[in-house]
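Survey of secondary and tertiary structure
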Amino acid sequence: MKRHIPGLNSVQQHREGPLAGAFLVRVARVSYRWHPQKPFLILQFSIVEPKSHESRTFSGRLYCTPKALWKLSWFLRDFGYDEGLFRQDEIDEKALLNLRGIVRTCSVSVNGHSYQNLEAFAPESEWDTLYCEVSEEEARHDVQLHTDR
């Protein structure tokens, strides 16, 4: 069956390029995906700041394998995930919605496909300090979000 959807083609033309840098974000959508070797969470973030990117969203994966749990824990801790659920080793997708924090992201190409890599996280409370540092350092592409945890 064919359907005519006016404007479908023009959406591709107005698509903005990949994001890179540090952003204050809100978790807009979460979905757990089971995979035999690499189960993962798909997170969709809505950008809160900087204001120039406010209406944009981006998605990224956080893997749930034993080797990758450090990164998932880092995200949960910095975004203020419920301590009780965290201690019980539980992820509640509804509890993740609307959590806010800082994400540093870049675009990565693998086998011809482009992905948003979630490089680093920080608590929302650090945005004012970090954003001042990011503005100065962004030109040198040397942004650091306390990755030494």
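Before reading further, recall that the structure is shown in the block above.
Report on the accompanying structure. (Residues numbered from 1 in each chain as written. Predicted model: local features only at pLDDT ≥ 70, side-chain atom pairs only at ≥ 80, totals over all residues. Heavy atoms only, no water.)

Considerations on the overall build of the protein
To be explicit about the condition: Every helix listed is a DSSP run of H or I at least four residues long, and every strand listed is a run of E at least two residues long, numbered separately from the N terminus. Throughout this description, buried means an accessible area under 20% of the type-specific maximum (1.4 Å probe, protein chains only), exposed means over 50%, and partly exposed covers the range between. Here the open area of atoms and residues is found with the Shrake-Rupley method and a 1.4 Å probe, where only the protein chains shown may cover a residue.
From N to C terminus, the protein includes five helices and five strands. Starting at the N terminus, the α and β elements of the protein follow one another as α-β-β-β-α-α-α-β-β-α. Residues counted as buried form 36% of the 149 residues belonging to the protein. Put simply, the protein shows about 10100 Å² of open surface, and 49% of that area lies on carbon and sulfur atoms.

Some details on the pairing of strand E5 (residues 113-123)
How we decide: When DSSP finds at least two bridges between two strands, those strands are taken to pair.
As defined by bridge partners, strand E4 (residues 100-110) adjoins E5 across 10 bridges and the pair is classed as antiparallel. In the sheet register, isoleucine 102 faces E5, and the bridge partner there is alanine 122.

Concerning the environment of glutamate 119
The condition is simple: Pairs of residues are marked as contacts when any of their non-hydrogen atoms sit within 4.5 Å.
Following the sequence through the fold, glutamate 119 ends up in strand E5. Setting aside its immediate chain neighbours within four residues, glutamate 119 contacts Lys71, Trp74, Arg104, Thr105 and Cys106.

Observations concerning the sheet that holds strand E3 (residues 57-63)
Quick reminder of the rule: Orientation is described by lines fitted to C-alpha atoms, with helices fitted over the stretch in contact, and by angles between N-to-C directions that extend from 0 to 180 degrees.
Strand order in the open sheet formed by five strands is E3-E2-E1-E4-E5, and the pairing between neighbours is antiparallel. Every other strand in the sheet has two partners, leaving E3 and E5 as the edge strands with one partner each. Along the sheet, successive strands turn relative to each other by an average axial angle of 45 degrees, direction set aside. Pairing of strand E1 (residues 21-33) with E4, which is carried by six bridges, proceeds in the antiparallel orientation.

Looking at the environment of arginine 61
We count it as follows: The definition of a polar contact used here is a pair of N or O atoms within 3.5 Å, where within protein one atom must be able to donate a hydrogen and the other to accept one, and adjacent residues in sequence count solely through side-chain atom pairs.
Here arginine 61 lies in strand E3. A residue is classified by how much of its surface remains accessible, and arginine 61, at 40% relative accessible area, is partly exposed. Sequence-distant contacts of arginine 61, defined by excluding residues within four places in its chain, comprise Phe40, Leu41, Ile42 and Leu118. A polar side-chain atom of arginine 61 sits 3.3 Å from a polar atom in the side chain of tyrosine 63.

A short note on the side chain of threonine 105
By the secondary structure assignment, threonine 105 is in strand E4. A polar contact is formed between the side chain of threonine 105 and the side chain of glutamine 116, at a distance of 2.7 Å. From its side chain, threonine 105 meets the backbone oxygen of asparagine 117 in a polar contact 2.9 Å long. Beyond its immediate stretch of four places on either side in the chain, threonine 105 contacts Leu19, Ala20, Gly21, Phe23, Phe58, Gln116, Asn117, Leu118 and Glu119.

Details of unusual backbone geometry
A cis amide bond, omega 5 degrees, links glutamate 49 with the succeeding residue proline 50. Along the polypeptide, proline 50 turns up in the loop between strand E2 (40-49) and E3. Here asparagine 98, not a glycine, exhibits a phi torsion of approximately 70 degrees, which is positive. Mapped onto the elements, asparagine 98 comes out in the loop between helix H4 (93-96) and E4.

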